Amino acid sequence: QVQLVESGGGLVQAGGSLRLSCAASGHTFSGYVMGWFRQAPGKEREFVGATGWSYGNSYYSDSVKGRFTISRDNAKNMMYLQMNSLKPEDTAVYYCAASRAKGGSSVRDYDYWGQGTQVTVSA
């Protein structure tokens, strides 16, 4: 079974940083696209960024571009989301996701999901 587990969320002041982790297991993820999504209270789940597990071609939503960076450690089956210059509007539950196809920016493009980790940014 494919399992994705996020960690690293918490409370941080505006302008601060957090690093989220996604531990992947149950499959070889070569050829997969790995993504990060977030969902704020009362809002739909939205795309944050994505990367190829093996080759690391990354792309991001305009709202986080220049502030967030995806990285990975294939030997440890770990993916990370480094979040800098955090804003109150970044407050959301953040989800790790995996796509067996070519990925994308839609929730419907992804096949597997983690449980989510809460990020709260105070003004």
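As shown above, the structure is provided for reference.
1. Observations concerning the state of the cysteines
Piece 1. Per the stated rule, a full pass over the model turns up 1 disulfide.
Piece 2. Between the sulfur of C22 and that of C96 lies a disulfide, 2.0 Å long from S to S. Classification of the bridge connecting C22 and C96 rests on its S-S torsion, roughly -70°, and on that basis the disulfide is left-handed. One end of the pair, C22, is in strand β3 (residues 18-25); the other, C96, is in strand β9 (residues 92-99), and 74 residues separate them in sequence.
Piece 3. We classify C22 as buried; its relative accessible area is 1%.
Piece 4. Residue C96 is classed as buried on the basis of its relative accessible area of 0%.

2. Describing the nonpolar core
Piece 1. Membership of the largest hydrophobic core comes to 26 residues, with the highest contact counts inside it found for M34, W36, L81, M83 and Y94.
Piece 2. Within the residue set of this core, elements represented by two or more residues are β3, β4 (33-39), β7 (68-73), β8 (78-83), β9 and β11 (117-122).
Piece 3. Once residues lying within four places of it in the same chain are set aside, the contact partners of M34 are L4, F29, G49, A50, T51, W53, M79, C96, A97, A98 and Y110.
Piece 4. By size, the runner-up hydrophobic cluster in this structure holds 6 residues, among which are F37, F47, A97 and Y110.

The rules we used
Residues numbered from 1 in each chain as written. Predicted model: local features only at pLDDT ≥ 70, side-chain atom pairs only at ≥ 80, totals over all residues. Heavy atoms only, no water. Disulfide = S-S within 2.5 Å. Helix = DSSP H or I, 4+ residues; strand = E, 2+ residues; numbered from the N terminus. Buried < 20%, exposed > 50% of the residue type's maximum accessible area, 1.4 Å probe, protein only. Core = buried A, V, L, I, M, F, W, Y, C linked by side-chain atoms within 4.5 Å. Contact = heavy atoms within 4.5 Å.

Coordinates in, geometry out; function isn't part of it.
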